[in-house]
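# Observations on the three-dimensional arrangement
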Amino acid sequence: MARIIAGVTTSHVPAIGAALDLGKTAEPYWQPLFAGYEFSKRWIAEQKPDVVVLVYNDHASAFSLELIPTFAIGCAESFAPADEGWGPRPVPVVQGHPELAWHIAQSTILDEFDMTIVNRMDVDHGLTVPLSLMFGQPAAWPCKVIPLAVNVVQYPPPTGNRCWNLGRAIRKAVESYPEDLKVMVWGTGGMSHQLQGPRAGLINREFDTAFLDRLTTDPEGLAKIPHVDYVREAGSEGIELVMWLIMRGALARDAREVYRFYHVPASNTAVGHLILENA
Amino acid sequence: MTDYNDAFKDIPGTVVFDATQSRLGYHLNMFCMSLMKADNRAAFKADERAYLERFPMRAEQREAVLARDYNRMISLGGNIYFLAKIGATDGFSFQNLASKMTGVSEEAYRGMMLAGGRPAQGNRSRSDPTL
């Protein structure tokens, strides 16, 4: 049977992708950030996941205002890096796992989550920056990826509680898949940041630290945080943190934190990163 | 629902992209979306005013685009992820846009971020004094 071995959370700041793609990782501004992922790259090389369910949000790349799915699961064979206005990132095409993706779609829909099934979708920095941070710059990504796009641009986004419960449904889906597969679930975005208006640049280390702590110890409590508290405490784009709860819901209640990294700033954003392993 | 939407209005310097903003800004944001294509970026750069006429926007939205007044665009329904495509077309980083929206130089904004960012303390509520 397939099983979920671990979860990863990480910010997905576009400037991180640009720094990698332009060979700036050794510059003093970026060096501490990339150093924070060295452990993670070694760890994942040992873990060798077969599939990553990668929870992220699209940033007006694949989805404009014409169509705004709350939860969209990528069931295609592959997903091309999106052209976000300055050409696609020079990263490998993402290979999907259609059979498992369809299985998760069916299982979660029957569990009353109204997933949108996507058979063609370009993936933007929200998905490719986490892959780059965890795998570096390989010629091909070393595992299959199932993109799970969550709307956090148009209000209202899903509640934290809905995300937490979707994670639990994903766990049930994966564990009922007959093939032996090592699956990871990643939750991306965050941490505190605000990109708009006179309040842009907001960073809240205290909130972020508590969120990192409670993701392991008190996810049910985190799932109760209302949207307005994310915006107030973590900035308007800090709302992306609801996606981390999908990852957490997919792991065992007694999953343990094996790695943590926190760094300010990457461009406008506080970068947070966790690795949680199932017992 | 009124309570849900109103709760955000106490947060200073922030516009939540809710149903009202989305309806107001639909054509402005779809104009921004068109800038994902190189041909459209070239057409916009060649004659901004004429290109904007292709989209059934309000006159004040067109003027805000021409003036690159991002806070005004946001108040008129623009969403930052869409508006960022104007910045990209102009060749500016997100940090440059943020400095414009916060009314400081890019260097000052960058310095604020390196020093740990804008603190939440004092910026949580319209009744807070700092912003």
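Residues numbered from 1 in each chain as written. Chains lettered and ligands numbered in written order. Predicted model: local features only at pLDDT ≥ 70, side-chain atom pairs only at ≥ 80, totals over all residues.

### Remarks on the interface of chain B and chain A
Tallying the contact residues gives 43 residues for chain B and 32 residues for chain A. Counting residues per element, the side of chain B that touches chain A draws most heavily on helix 7 (residues 80-90) of chain B, at 6 residues. Classifying every residue of the side of chain B that touches chain A by side-chain character gives 26 nonpolar, 13 polar and 4 charged. (Contact = placed C-beta atoms within 7 Å. Helix = DSSP H or I, 4+ residues; strand = E, 2+ residues; numbered from the N terminus. Nonpolar A, V, L, I, M, F, W, Y, C, P; charged D, E, K, R; others polar.)

### Comments concerning the confidence of the model for chain B
With 97% of its residues at a pLDDT of at least 70, chain B reaches an overall mean of 95. Interface confidence for the predicted complex, expressed as ipTM, amounts to 0.95; the pTM equals 0.97. (pLDDT = per-residue confidence, 0-100.)

### Side note on the sheet that holds strand 11 (residues 269-277) of chain A
Residue and element names in this part refer to chain A. A sheet is described by the order of its strands in space; here 8 strands give the open sequence 6-3-7-2-8-1-11-10, paired in mixed fashion. Every interior strand has two partners, whereas the edge strands, strand 6 (116-118) and strand 10 (256-266), have only one. Pairs of neighbouring strands in the sheet enclose a mean axial angle of 20 degrees, with direction left out of account. Of the strand pairs in this sheet, strand 2 (residues 51-56) and strand 8 (residues 182-188) are connected by 5 bridges, and their pairing is parallel. Residue pairing for strand 8: Val52 is matched across the bridge by Met184. Its contacts with the sheet place helix 4 (residues 98-110) against strand 2, strand 3 (71-74), strand 6 and strand 7 (144-150), and it is angled at close to 150 degrees to strand 3. (Pairing = 2+ DSSP bridges. Axes fitted to C-alpha atoms, helices over the stretch in contact; angles between N-to-C directions.)

### Observations regarding the pairing of strand 7 of chain A
Residue and element names in this part refer to chain A. Summarising burial for strand 7: 7 of the 7 residues are buried, a large majority. What you see with strand 7 is no split at all: Lys144, Ile146, Leu148 and Val150 on one side and Val145, Pro147 and Ala149 on the other are buried throughout. Strand direction decides the pairing type here: strand 2 and strand 7, joined by 6 bridges, are parallel. For Tyr56, the partnering residue across the bridge sits in strand 7 and is Ala149. Pairing between strand 3 and strand 7: 3 bridges, direction antiparallel. For Phe71, the partnering residue across the bridge sits in strand 7 and is Val150. (Buried ≥ 20, exposed ≤ 12 C-beta atoms within 10 Å, placed from the backbone.)

### Some details on the packing of helix 8 (residues 94-102) of chain B against helix 9 (residues 106-114) of chain B
Residues and elements named next belong to chain B. The interhelical angle for the contact between helix 8 and helix 9, taken along N-to-C directions, is 100 degrees, at an axis separation of 8 Å. By the criterion of interaxial angle, the relationship of helix 8 to helix 9 is roughly perpendicular. Across from Gln95, Asn96, Ala98, Ser99 and Thr102 in helix 8, the residues of helix 9 making contact are Glu106, Tyr109 and Arg110. (Parallel < 35°, antiparallel > 145°, perpendicular 65-115°, else oblique.)

### A closer look at the domain arrangement of chain A
Residue and element names in this part refer to chain A. We note that the domain assignment places domain 1 (3-190) and domain 2 (206-235) within chain A. Using only C-alpha atoms to locate each centre, domain 1 and domain 2 end up separated by 21 Å. The interface is formed by 5 residues belonging to domain 1 together with 6 residues belonging to domain 2. Across the side of domain 1 that touches domain 2, the residue classes tally to 3 nonpolar, 2 polar and no charged. (Domains from an automatic or database assignment.)

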